[in-house]
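Structure assessment
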4 protein chains.
Amino acid sequence: MALPKFIAARTEEVQAKRERRKEARPGELLDAALDLFVEKGFAATRAEEVAARAGVSKGTLFLYFPSKEELFKAVVRENISGRFAEWNDEFQAFDGSTADMVRYCMRVWWDRLGATRASGITKLIIGEARNFPDITAFYQQEVIKPAQDLIRRILQRGVDRGEFRIADMDYALFSITAPMVFLVMMKHSLGACMPQDYPLDPERYLASQVDTLLHGLLVRGDEKNDKNDKNDKNEPGEGRKKK
Amino acid sequence: MALPKFIAARTEEVQAKRERRKEARPGELLDAALDLFVEKGFAATRAEEVAARAGVSKGTLFLYFPSKEELFKAVVRENISGRFAEWNDEFQAFDGSTADMVRYCMRVWWDRLGATRASGITKLIIGEARNFPDITAFYQQEVIKPAQDLIRRILQRGVDRGEFRIADMDYALFSITAPMVFLVMMKHSLGACMPQDYPLDPERYLASQVDTLLHGLLVRGDEKNDKNDKNDKNEPGEGRKKK
Amino acid sequence: MALPKFIAARTEEVQAKRERRKEARPGELLDAALDLFVEKGFAATRAEEVAARAGVSKGTLFLYFPSKEELFKAVVRENISGRFAEWNDEFQAFDGSTADMVRYCMRVWWDRLGATRASGITKLIIGEARNFPDITAFYQQEVIKPAQDLIRRILQRGVDRGEFRIADMDYALFSITAPMVFLVMMKHSLGACMPQDYPLDPERYLASQVDTLLHGLLVRGDEKNDKNDKNDKNEPGEGRKKK
Amino acid sequence: MALPKFIAARTEEVQAKRERRKEARPGELLDAALDLFVEKGFAATRAEEVAARAGVSKGTLFLYFPSKEELFKAVVRENISGRFAEWNDEFQAFDGSTADMVRYCMRVWWDRLGATRASGITKLIIGEARNFPDITAFYQQEVIKPAQDLIRRILQRGVDRGEFRIADMDYALFSITAPMVFLVMMKHSLGACMPQDYPLDPERYLASQVDTLLHGLLVRGDEKNDKNDKNDKNEPGEGRKKK
DNA sequence: AATGAATGAGCTTTCATTCAT
DNA sequence: GATGAATGAAAGCTCATTCAT
């Protein structure tokens, strides 16, 4: 009898929220956390702000994730490492030339990671790796190692099939990751430091880097072979000039 | 009305400190600050730790620099922006081919910045630009703009002398800075994330990037010209294969 | 990544505190703050001490008030400026002679402000106005101006009804506020400097000051009118009809 | 031989300073300290600022005064308590009516203290007495007590000579000091809080307060006597013979 | 006598995490 | 499950005072 109108008024609203509770909560929190971690970095992201952006209270955040660090790990798993299995399968099933496989790899990386918010995590790691050794170790094991293994397998396939000639596998790996790192830096941080808008078109940049790389990697005699392979269905051809 | 909490018989120790008073202090503090800023970033570096590393107390730091932000700016001036004048003069006086000038520029950058601790400041800026707008603005004005102007002048010289053919100056600038940024990331952060030590030889990496770039920039007919210019006295030639 | 430093078995104590949560907190903090601001002044009052006196921790204070300055403003609003509306209404409804209105005003001021802890805020402002311009501006706008306007309206009513003859309104205002200020100084500060207890009876002092003032303000012909309204000098009679 | 020109250049300048050293130093420091204490209060006045204003270094200040508190006491002695002996003699030698003596007292106070910077010390004491018990005790003993004794002697003289009729000596004292305190508050603090410039003429205010007081104090039969002595209300007559 | 570099306790404010409801 | 009030360690900066020169 005391505050019936007030309680009644809140009931519907609360009801509405209950609908998407339990299962939705962690996802909303991870989503908010990704935004904020990418925007501010790990240390500067406040737990309360994550909760607020997810529409829940601070307490609820810690109900789902025992600490800010665990929240971060969950964000990484959700957005990056959790997908390696799928990608591994995808590349396992790939049956074009290895040159196309490399091109496809680059493109998939850009479409599914590089161009998304998730790439900001790389920037975050670069900035804060040394301050959070646990996170660094986690990232190293859950992201960097699998990614390198994946790329390494691709390159090794090229070698095994006589398509690639690779003197130093580590150096080759690095030639593939370097442009990725650079693009991500531009996108998430350096771009903001530039006086004018940088006219960097990520897809063209990546394509040109890949081509440069391939012409160094490819066994010379096979070069024309590569050209012929280019139109396979997985990678419909790079001939575009713009965009 | 604070009371002296210690009567102290550390006379000798204090004596030793007085020796290198006033002139030495700011330098020692800047040195310690550079170390810590590079290691931990701006936000995570505690003023007291800087002071401790310089062998003084918290209060002494603020005797020389009115705030952490001013300390950071002083570090940047000391290690980067304060040197642009000298570099500008150096390039003003350069009279070889512009291709050699670009090679020389890259090499000078690596020797005097990239290979030193100061390059860590770039990593710091990448990680924290968005959280400290004042610092970003300062860095943008004191470092990025002068650096771009310097490089732009070099490229323009190439164009004016008929050596270079440049369609888009901004894009050309970016082709020069990209490898710098990438190297710095590897050195200060990603390297620590790598399972094995990356076998990246910075000087070879830079040289190869420059060559790739030049063969795109150079006016075709002048290409042999460039080859001839290579032996100018300022930068006696890049023909080395290793290291 | 702070760690809980205590596991704490103070359950009962905590229980008791939760009882009067949220609604009670701000009031308790304002109460403690008023005590300490009056006792020590603004600058010398430590936030932690306010919190401790309110029975909460340092952090809790800043949960309710974003800064020490805002805490102070809230204290002023709670104890002084928030009451002007009510007082304005009260005087709007007054329908005795304006002389009685002045006496009533003095008495109300003493009963509701002068005699309470809140009057110590005046002492604080006197001592620290020059060191905290923001606070001074706030106090000037939220307290001094409304108070002067209120008194000015009373005096103007006397003039409009032919009861008072006032040459200089500002000077007249000052004649009313001077004894208030003096009493407050005695109560909160000078009294503590006096060797013996000062035998100052505030109510008698105020009544005598008012009478002196009125005999100067009153239009001579009305003087006997006024005389009729008042019964004794300690208790000057409250001819008001309403409220 | 090392820096002869530099040393020579400084010599003259230093020489000039030596001229007024030793004796002048404490006076300059007291002068600067009075300014700053009055402007900012005791706690908020920084020792270094006092030294700077006196043209010496921080260390020198503590060479002459062992602590900020002692500096303050010295300021009080220099500007207030050190003068009581002289004033006592002056009043000892006075041989006009006691009414004139009271008027003279008020005027002398205003001319030599109230109207000078030194009156700001009263404001300072009001604001900070409770925070600095040592200072309060000192002020109480060195200023308030002598001042009260002086006034008390004057009033007692009036009683002894049959000029005054005083029921309660403490209350009478207070009637004399109240206007002094009020004027000082207006001058040093409240004035700054007032929206418009207050039209308070200190000398008229004091004269009128004294007259009001005297007509209450004076034995009725002597009243006409007193009337004869005074000429106009702005300048209430200086019946004193000496000095 | 004079200097000023050095000190460190002390103050306001922030924020991850806890826990009674 | 969800909440949000409460905590307290930690960080930047100030300033009276000391003391070797």
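Residues numbered from 1 in each chain as written. Chains lettered and ligands numbered in written order. Predicted model: local features only at pLDDT ≥ 70, side-chain atom pairs only at ≥ 80, totals over all residues. Heavy atoms only, no water.

**A closer look at the overall build of chain A**
- When its secondary structure is counted, chain A shows twelve helices and zero strands.
- Counting from the amino terminus, helix and strand elements in chain A follow one another as α-α-α-α-α-α-α-α-α-α-α-α.
- Burial analysis of chain A (243 residues in total) assigns 47% to the buried set.
- Residue pairs in contact within chain A that sit at least 24 positions apart in sequence constitute 72% of those at least 6 positions apart.
- Approximately 12200 Å² of chain A is accessible, and the part contributed by carbon and sulfur atoms is 52%. (Helix = DSSP H or I, 4+ residues; strand = E, 2+ residues; numbered from the N terminus. Buried < 20%, exposed > 50% of the residue type's maximum accessible area, 1.4 Å probe, protein only. Contact = heavy atoms within 4.5 Å. Areas by Shrake-Rupley, 256 points an atom, 1.4 Å probe, with all protein chains shown as cover.)

**Side note on the packing of aromatic side chains**
- Taken as a whole, this structure holds 40 aromatic pairs over all chains when the rule is applied.
- Considering the side-chain rings of F174 of chain A and Y205 of chain B, the 5.6 Å spacing of their centres and the 65° angle between planes classify their relative orientation as edge-to-face. Residue F174 of chain A is located in helix α10 (residues 169-193), and its partner Y205 of chain B is located in helix α11 (residues 202-217); the two belong to separate chains. Here F174 of chain A and Y205 of chain B have matching classes, each one buried.
- Centre to centre, the rings of W109 of chain C and W110 of chain C are 5.9 Å apart; their planes meet at 55°, and the pair counts as tilted.
- On the basis of relative accessible area, W109 of chain C is assigned to the buried category, the value being 15%.
- For W110 of chain C, a relative accessible area of 8% translates into the label buried.
- Members of the aromatic cluster, each reached through a chain of ring pairs, are F37, F42, F72 and F132 of chain A.
- For K68 of chain C, the ring lying beneath its charged end belongs to F42 of chain C, and the centroid distance is 4.8 Å. (Phe/Tyr/Trp six-rings, centres within 6.5 Å; stacked < 30°, edge-to-face > 60°. Lys NZ or Arg CZ within 6 Å of the ring centre and 35° of its normal.)

**Notes on the side chain of S189 of chain C**
- Within the element layout of this structure, S189 of chain C appears in helix α10 (residues 169-193).
- Among the polar contacts made by the side chain of S189 of chain C, one reaches the main-chain carbonyl oxygen of I126 of chain D at a distance of 2.5 Å.
- Those residues within four positions of S189 of chain C in sequence are excluded, and the remaining contacts are K123 and V184 of chain C together with I125, I126, G127 and A129 of chain D. (Polar contact = N/O pair within 3.5 Å; in protein donor to acceptor, adjacent residues only side chain to side chain.)

**Side note on the interface of chain C and chain D**
- Across the boundary between the two partners, chain C contributes 38 residues, which contact 38 residues of chain D.
- For the pair chain C and chain D, the summed buried area comes to about 3600 Å², and 63% of that belongs to carbon and sulfur atoms.
- If you look at where chain C meets chain D, you find zero salt bridges.
- Counting across the chain C and chain D interface gives six residue pairs in polar contact (both at pLDDT 80 or more).
- At the level of elements, α2 (24-40), α8 (120-128), α9 (133-160) and α10 of chain C are the ones that each hand at least two residues to the side of chain C that touches chain D.
- With 13 residues, the single largest contributor to the side of chain C that touches chain D is α10 of chain C.
- Class assignment of the residues belonging to the side of chain C that touches chain D gives a composition of 22 nonpolar, eight polar and eight charged. (Buried area = accessible area lost by both parts, 1.4 Å probe. Salt bridge = Lys/Arg side-chain N within 4 Å of Asp/Glu carboxyl O. Nonpolar A, V, L, I, M, F, W, Y, C, P; charged D, E, K, R; others polar.)

**What about the relation of the copies chain C and chain D?**
- Expressed as a screw transformation, the operator carrying chain C onto chain D has a rotation angle of 178° and an axial translation of 0.0 Å, and the superposed copies differ by an RMSD of 0.2 Å. What the rotation and shift describe, once combined, is the action of a two-fold rotation axis. Minimal C-alpha separation from the rotation axis in chain C is found for G127 of chain C, amounting to 2.2 Å.
- The share of interface residues of chain C whose copies in chain D are also at the interface is 97%, consistent with both copies meeting through the same surface. (Least-squares fit on C-alpha atoms with pLDDT ≥ 70 in both.)

**Things to note about helix α8 (residues 120-128) of chain D**
- Of all nine residues in α8 of chain D, nine are buried, a share of seventy percent or more.
- Within α8 of chain D, burial applies to G120, I121, T122, K123, L124, I125, I126, G127 and E128 of chain D.

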